[in-house]
Amino acid sequence: PAWLLPSGERMGAVLEAVLAQHGSGAELTFKWKVAACEDDHERRLLIQLLERLPATCRLRLDANGGWDRATAQRWWSRRRRWRPRRRRLIRRRPR
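What comes next is a walk through the structure.

Each value, and the rule that gives it
Per chain, residue numbering runs from 1 following the sequence as it is written. The predicted nature of this model means local features are confined to residues of pLDDT at least 70 and side-chain atom pairs, given and counted, to a pLDDT of 80 or more, with totals for whole chains, interfaces and linings taken over all residues. Side-chain metrics in this entry use all non-hydrogen atoms of the structure; hydrogen atoms and water are not considered. Residues grouped as a nonpolar core are buried Ala, Val, Leu, Ile, Met, Phe, Trp, Tyr and Cys residues, joined through side-chain atoms within 4.5 Å. Partly exposed describes any residue whose relative accessible area lies between the buried limit of under 20% and the exposed limit of over 50%, with all areas from a 1.4 Å probe on protein chains only and scaled to the type maximum. In DSSP terms, a helix is any run of H or I states spanning at least four residues, a strand is any run of E spanning at least two, and both are numbered starting from the N terminus. Multiplying 1.5 Å by the helix residue count minus one yields the expected span of that helix. Within this analysis, the arc is defined by the directions that extend from the helix axis to the C-beta atoms. What makes two strands pair is DSSP finding at least two bridges between them. Here a crossover is taken to be right-handed if, once the strands point away from the viewer, the path from the first strand over the helix to the second is traced clockwise. Take a side-chain nitrogen of Lys or Arg and a carboxyl oxygen of Asp or Glu: if they are within 4 Å of each other, that pair is a salt bridge. What counts as an axis is a line fitted to C-alpha atoms, over the stretch in contact for a helix, and the angles between N-to-C directions run from 0 to 180 degrees. Contacts: residue pairs with any heavy atoms within 4.5 Å of one another.

Structural notes on the nonpolar core
Among the nonpolar cores identified, the biggest contains 22 residues, and F30, W32 and L59 are the most heavily contacted of them. Breaking this core down by element, the ones donating at least two residues are α1 (10-22), β2 (29-33), α2 (39-52), β3 (58-62) and α3 (69-78).

A few points about unusual backbone geometry
For A35, which is not a glycine, the phi torsion comes out positive at approximately 75 degrees. Here A35 shows up in the loop between β2 and α2. Looking at A35, the relative accessible area reads 28%, which means it is partly exposed. In this model, N64 sits at a positive phi of 45 degrees, which is unusual for a non-glycine residue. Mapped onto the secondary structure, N64 falls in the loop between β3 and α3.

Considering α1
Along its 13 residues, α1 runs 19 Å from first to last C-alpha, staying within 8% of the 18 Å computed at 1.5 Å per residue. Taken as a whole, α1 has its buried residues at M11, G12, L15, V18 and L19. Angular distribution of buried residues about the axis of α1 spans 135 degrees; they occupy a single face of the element. The outward face of α1, more than 90 degrees from its buried face, is lined by the exposed residues R10, A13, A20 and Q21.

Comments concerning the pairing of β3
Relative to β3, β2 runs parallel, the two sharing five bridges. Residue pairing across strands places F30 opposite L59, the latter belonging to β3. As for the winding sense of the linkage, the β-α-β connection from β2 through α2 to β3 is right-handed.

Comments concerning the pattern of salt bridges
Scanning the model with the defined rule gives six salt bridges in all. Between R43 and D39 there is a salt bridge, with the nearest N and O atoms lying 2.8 Å from each other. Residue R43 and its partner D39 are located together in helix α2, separated by four residues, close to a single helical turn. The pair formed by R43 and D39 is uniform in burial state, with each residue classed as buried. With a closest N to O distance of 3.7 Å, D39 and R74 form a salt bridge. Of the two residues, D39 sits in helix α2 while R74 sits in helix α3, which places them 35 residues apart along the sequence. On the basis of relative accessibility, which here comes to 15%, the residue D39 falls in the buried class.

So, the sheet that holds β2
Strand order in the open sheet formed by three strands is β1-β2-β3, with parallel pairing between adjacent strands. Of all strands in the sheet, those bounded by a partner on one side alone are β1 (3-5) and β3. Here the average twist between neighbouring strands, direction ignored, is 30 degrees. This element, α1, spans β1 and β2 of the sheet and lies at about 155 degrees to β1.

Encoded structure:
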């Protein structure tokens, strides 16, 4: 099962609470709801999230069909910049 991270700024507080509960060495999966804020803002939040996420954790991004094809392609093309252990996108058909 994956821990759900809310969209927007609240994501950081939830991440920290889960990590405090389970310890930074725990092998956890987080699912972050994206496509709820402006794309540039979410990409900045993603950078912050990746900096705080321990190496033992996995991240899944869930846009729930909220991205158009161009936005999904931009996020997909940037995945190579992320560390390999943190690269996992849920691939859904964009609108």
